[in-house]
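Observations on chain architecture
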Amino acid sequence: MGICISEQEGIVIEGYRILLLGGGGSGKSTIMRQAQNQYGGRFTAEERALAKKTMHQNVCSALIVCLEALGNEQDELKSCNQQSSTEDEGKHKLEISQDKSGQLEDPGTPTKDLRNEVLQRCKTYDAEGELSEEMGRKIAKVWRDRKVRNALKRNRQRIVENAQFFLNKIEAITAQGYQCTDEDLFRVRMRTSGVVEKTLKVCGKQMTFIDVGGQWHERASWAAEAKRCTHILFLTSLADYDVSMEEDRSMNRLTDSLKLFNAIANDKTLKSLPIITFFNKIDVFMSKLADDLSKSGNKLAESQPEYRNCESQPEYR
């Protein structure tokens, strides 16, 4: 394909122009980075530096959710323990906090103080910037605490899905001079704002990927961008079956994606554009679903009732 004329308003389009559409977190930016890595050469130092900052931000946002949730749970348990002790005078009162896994902890130990220190540092990330090596060591110590890991599992719907990957290597990514790997760039959650274009040579053909923000307030620009494109690549994150929209916590992300695809597929102004559908993050989906089913739960059925009778993990190749 060389030069072509779009049926929409006679716009001249050179090469293939692929518009990446989908909800926030569906993986549009990751697909574009993977295409760049495959066909456009290595990532620049500036791109790696930005990814490093965003990795630290992903870690901080996840820890804020985990540690605040854990603190609330322990406060509630402590209150219950105090009430039970008052009602049962004469029995030895053991001042403890306990998570759902049965772990016991003296509330005065340094571990709790360290959790609070890490929490406060994470809350000031935007103002203070990248995490230091010393803070990386402190976070690693907190992350080794089984209670914190369990808190992440219980609150996974509110946490960036690859946060655990970065927490597992927190001392490495906070080391002075650390350079982001390609895998880091593929896994980091970097929110797109506005329109980002990347032109590559794929099998001798010019191919331009256009990445647009997937949040509700970004979608108004999609129609204008579609007029300059030859194809739409629509991405759906299968792993979002139990995740709520940031803009509206009552709306499920997978349900929003289905509605969004229906609107795009039936938009008369887009009828001349081929639509390619990409079901993304199947590895995360399978892991989450297996975990749900092993606990006699089926959160997928809550948003997709037709899946209600599933009793085992599906297979895929």
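Calculation rules
- Residues numbered from 1 in each chain as written.
- Predicted model: local features only at pLDDT ≥ 70, side-chain atom pairs only at ≥ 80, totals over all residues.
- Heavy atoms only, no water.
- Helix = DSSP H or I, 4+ residues; strand = E, 2+ residues; numbered from the N terminus.
- Buried < 20%, exposed > 50% of the residue type's maximum accessible area, 1.4 Å probe, protein only.
- Contact = heavy atoms within 4.5 Å.
- Areas by Shrake-Rupley, 256 points an atom, 1.4 Å probe, with all protein chains shown as cover.
- Disulfide = S-S within 2.5 Å.
- Core = buried A, V, L, I, M, F, W, Y, C linked by side-chain atoms within 4.5 Å.
- Pairing = 2+ DSSP bridges.
- Axes fitted to C-alpha atoms, helices over the stretch in contact; angles between N-to-C directions.
- Expected span 1.5 Å × (residues − 1).
- Polar contact = N/O pair within 3.5 Å; in protein donor to acceptor, adjacent residues only side chain to side chain.
- pLDDT = per-residue confidence, 0-100.
- Lys, Arg positive; Asp, Glu negative; His and termini not counted.
- Salt bridge = Lys/Arg side-chain N within 4 Å of Asp/Glu carboxyl O.

**Remarks on the overall build of the chain**
Along the chain, the regular secondary structure elements total 13 helices and nine strands. Relative to its 317 residues, the chain shows a buried fraction of 44%. Sequence-distant contacts in the chain: of pairs separated by 6 or more residues, those separated by 24 or more amount to 69%. For the chain, the accessible area works out to roughly 17,300 Å², and carbon and sulfur atoms hold 49% of it.

**Some points on the state of the cysteines**
Inspection of the entire model under this criterion finds zero disulfides. Free of any disulfide, C122 has its nearest neighbouring cysteine sulfur in C60, separated by 3.7 Å. When its relative accessible area of 3% is taken as the criterion, C122 is described as buried.

**Comments concerning the nonpolar core**
Nonpolar side chains in soluble globular proteins generally cluster together in the buried interior. If you look at the biggest cluster of nonpolar residues, it comprises 37 residues, and the most contacted ones within it are L63, V118 and I139. Sorting the residues of this core by element identifies α2 (45-87), α3 (110-123), α5 (133-143), α6 (146-154), α7 (163-167) and α8 (170-173) as the ones contributing at least two each. Core analysis: the second largest hydrophobic core is formed by 13 residues, L19, A226, I264 and L273 among them.

**Here's the deal with the pairing of strand β8 (residues 231-237)**
Within β8, seven of the seven residues are buried, which leaves the element mostly enclosed by the surrounding structure. Inspection of the sheet shows strand β3 (residues 16-21) paired to β8 by four bridges, in the parallel sense. Looking across to β8, one finds that I18 is bridged to H231. Where β8 and strand β9 (residues 275-280) come together, six bridges link them in parallel fashion.

**Some remarks on the sheet that holds β3**
The five strands are arranged β6-β7-β3-β8-β9 in an open sheet whose pairing can be described as mixed. Bordering the open sheet on either side are β6 (195-202) and β9, each of which pairs with just one other strand. Pairs of neighbouring strands in the sheet enclose a mean axial angle of 25°, with direction left out of account. Most of the contacts of helix α11 (residues 253-265) go to β8, to which it runs at about 165°, and overall it touches β3, β8 and β9.

**A closer look at the pairing of strand β7 (residues 205-212)**
A large share of β7 lies buried, amounting to six of its eight residues. Note: β3 against β7, five bridges, orientation parallel. Residue pairing across strands places I18 opposite F209, the latter belonging to β7. Between the end of β6 and the start of β7, which pair antiparallel, lie two residues, with C203 showing a positive phi angle near 55°.

**Observations concerning unusual backbone geometry**
At C203, a residue that is not glycine, the phi angle is positive and equals roughly 55°. Positive phi, normally seen in glycine, also occurs at K281, with a value near 60°. With respect to the helices, strands and loops of the structure, K281 is situated in the loop between β9 and α12 (282-294).

**A short note on α11**
Spanning 13 residues, α11 covers 18 Å between terminal C-alpha atoms, matching the ideal 18 Å at 1.5 Å per step. Along its buried surface, α11 packs onto β3, α10 (222-226), β8, β9 and α13 (299-303). Two or three places before L254, at the opening of α11, N252 has a side-chain oxygen 2.8 Å from that residue's backbone nitrogen.

**Thoughts on the confidence of the model for the chain**
Note that predicted coordinates carrying low pLDDT should not be read in detail. Overall, the predicted model of the chain reaches an average pLDDT of 81, with 80% of residues at or above 70. Considering each helix and strand of the chain separately, the mean pLDDT is smallest for strand β1 (residues 3-5), with a value of 42, and largest for α8, with 96. pLDDT under 50 marks residues 1-9. Its contacts with residues more than four places away, or in other chains, come to 28 contacts. Note on residues 90-110: pLDDT under 50 across the span, and 30 contacts to partners over four residues away in sequence or across chains.

**Notes on the side chain of R33**
Structurally, R33 is set in helix α1 (residues 28-39). In this structure, R33 is buried with no salt-bridge partner, the nearest side chain bearing the opposite charge being D211 at 6.5 Å. What R33 contacts, discounting residues up to four positions off in sequence, is F43, L185, F186, V188 and M190.

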